[in-house]
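Next come the chains, spelled out residue by residue.
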Amino acid sequence: IHPAISPDAKNLAYSAKKNGYWDIYIINLTNGMETRVTDTYEYEGSPSWSSDGLFLAYESYKYGNLDIFIQDINNLQSPAIQLTDNPYSQFSPSWSPNGREIAFVSTEDGDEEIWVAKLDNVENRFQKIINRPNQVDLNPHWSSDGNQLLWTSENYGYPIIMQIDYSETNLLLSEMGIGDNAQLSENSISYIQSEANQNFLIHKDL
């Protein structure tokens, strides 16, 4: 589950349930060699690559709730860095193209909302993108240039793609239409469109 292609398109990270529990793996797409990144009894999933392809952020149910960890994949013997650590759930990390921010979902304020961890900050590292009480916001993804942050919300039971212009100081929120798990590049957008009994993968040129 949760496949994530590396920035150089040579490796695929994913979560797999082997030996009875979920761990993070990487498969080399050239030679098929599989590397096990984590090996714990706790659930680990939703891997996201750093822009240089040297680290993976992922969610783990390690201490009684979901938190986000970062692993140096060239030194798997080193312990993972715990990025979030509080009594609330933080999950679905998405590493920005500039490598200095990780978007994620947090329930810290009672609802699932989109937050960003600014990795260069020691103080005020975690910032909520926008206050949307009584809304469920999930599945954050950065655009390929890092100027837009997209996620999935809900409107009358339908998943809606939300977008914020992250290149401006005053973040402008807009609604892009019905869909889920949107991926935005410079010239196109891809997303999942759910119907009554089936799902479709939609790709559109912009």
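Preceding block: the structure.
Rules used in this analysis
- Residues numbered from 1 in each chain as written.
- Predicted model: local features only at pLDDT ≥ 70, side-chain atom pairs only at ≥ 80, totals over all residues.
- Heavy atoms only, no water.
- Buried < 20%, exposed > 50% of the residue type's maximum accessible area, 1.4 Å probe, protein only.
- Helix = DSSP H or I, 4+ residues; strand = E, 2+ residues; numbered from the N terminus.
- Pairing = 2+ DSSP bridges.
- Patch = residues over 30% accessible without salt bridge, like charges linked within 9 Å, V, L, I, M, F, W, Y side chains within 5 Å.
- Areas by Shrake-Rupley, 256 points an atom, 1.4 Å probe, with all protein chains shown as cover.
- Salt bridge = Lys/Arg side-chain N within 4 Å of Asp/Glu carboxyl O.
- Polar contact = N/O pair within 3.5 Å; in protein donor to acceptor, adjacent residues only side chain to side chain.
- Contact = heavy atoms within 4.5 Å.

Participant: Looking at this structure, how should I read the pairing of strand β10 (residues 101-106)?
Facilitator: Looking down a regular strand, the side chains alternate between one sheet face and the other. Where burial is concerned, most of β10 is hidden: six out of the six residues are buried. Burial of β10 is two-sided: the residues Glu101, Ala103 and Val105 facing one way and the residues Ile102, Phe104 and Ser106 facing the other way are all buried. Connecting strand β9 (residues 90-95) to the antiparallel partner β10 that follows it, the hairpin turn spans five residues, and Gly99 within it adopts a positive phi of roughly 80°. Pairing geometry for β10 and strand β11 (residues 113-118), over six bridges, is antiparallel. Bridging across to β11, Ser106 finds its partner in Glu113. The antiparallel pairing of β10 with β11 creates a hairpin that spans six residues between the two strands, and Gly110 there sits at a positive phi of about 100°.

Participant: What exactly am I supposed to notice about a nonpolar patch on the surface here?
Facilitator: Taken together, Tyr156, Tyr158 and Ile178 make up a surface patch of nonpolar side chains, about 430 Å² in accessible area. Its place among the elements puts Tyr156 in the loop between β14 (148-155) and β15 (158-165).

Participant: Looking at this structure, how should I read the pairing of strand β17 (residues 180-184)?
Facilitator: Note: β17 against strand β18 (residues 188-194), three bridges, orientation antiparallel. Residue Asp180 lies in a different strand from β18, and its bridge partner there is Ile192. What sits between β17 and β18 in their antiparallel hairpin is a turn of three residues.

Participant: When you look at the side chain of Ser50 in this model, what are you seeing that I'm missing?
Facilitator: Secondary-structure assignment places Ser50 in the loop between β5 (44-49) and β6 (55-61). In this structure Ser50 comes out as buried when scored by relative accessible area, which is 4%. Polar contacts involving the side chain of Ser50 include one to the side chain of Asp52, which spans 2.6 Å. If we skip the residues at most four places from it in the chain, Ser50 touches Pro7, Phe55 and Trp95.

Participant: It is not clear to me how the pattern of salt bridges should be interpreted in this structure. Could you clarify?
Facilitator: A side chain with one charge may pair with a side chain of the opposite charge, provided their charged atoms come close. Counting across every chain of the model gives eight salt bridges. Asp39 serves as the salt-bridge partner of Arg36, at 3.5 Å between the closest nitrogen and oxygen. Look at Arg36 and you get partly exposed, because its relative accessible area is 28%. Here Lys118 ties to Glu101 by a salt bridge, and the two come within 2.8 Å at their closest N and O atoms. Here Lys118 is found in strand β11, whereas its partner Glu101 is found in strand β10, with 17 residues between them in sequence. Side by side, Lys118 and Glu101 carry an identical accessibility label, which is buried. One salt-bridge network, in which partners are shared between bridges, spans Asp23, Arg36 and Asp39.

Participant: I keep staring at unusual backbone geometry and nothing clicks. Help me out?
Facilitator: In terms of backbone geometry, most residues other than glycine have negative phi values and most peptide bonds are trans. One non-glycine residue, Ser46, lies in positive phi territory at about 55°. Within the fold, Ser46 resides in strand β5. In the Ramachandran plot, Ser92 falls in the positive-phi region, its phi being about 55° despite a non-glycine side chain. Within the secondary structure, Ser92 is located in strand β9. Under the relative-accessibility criterion, Ser92 is labelled buried at 13%.

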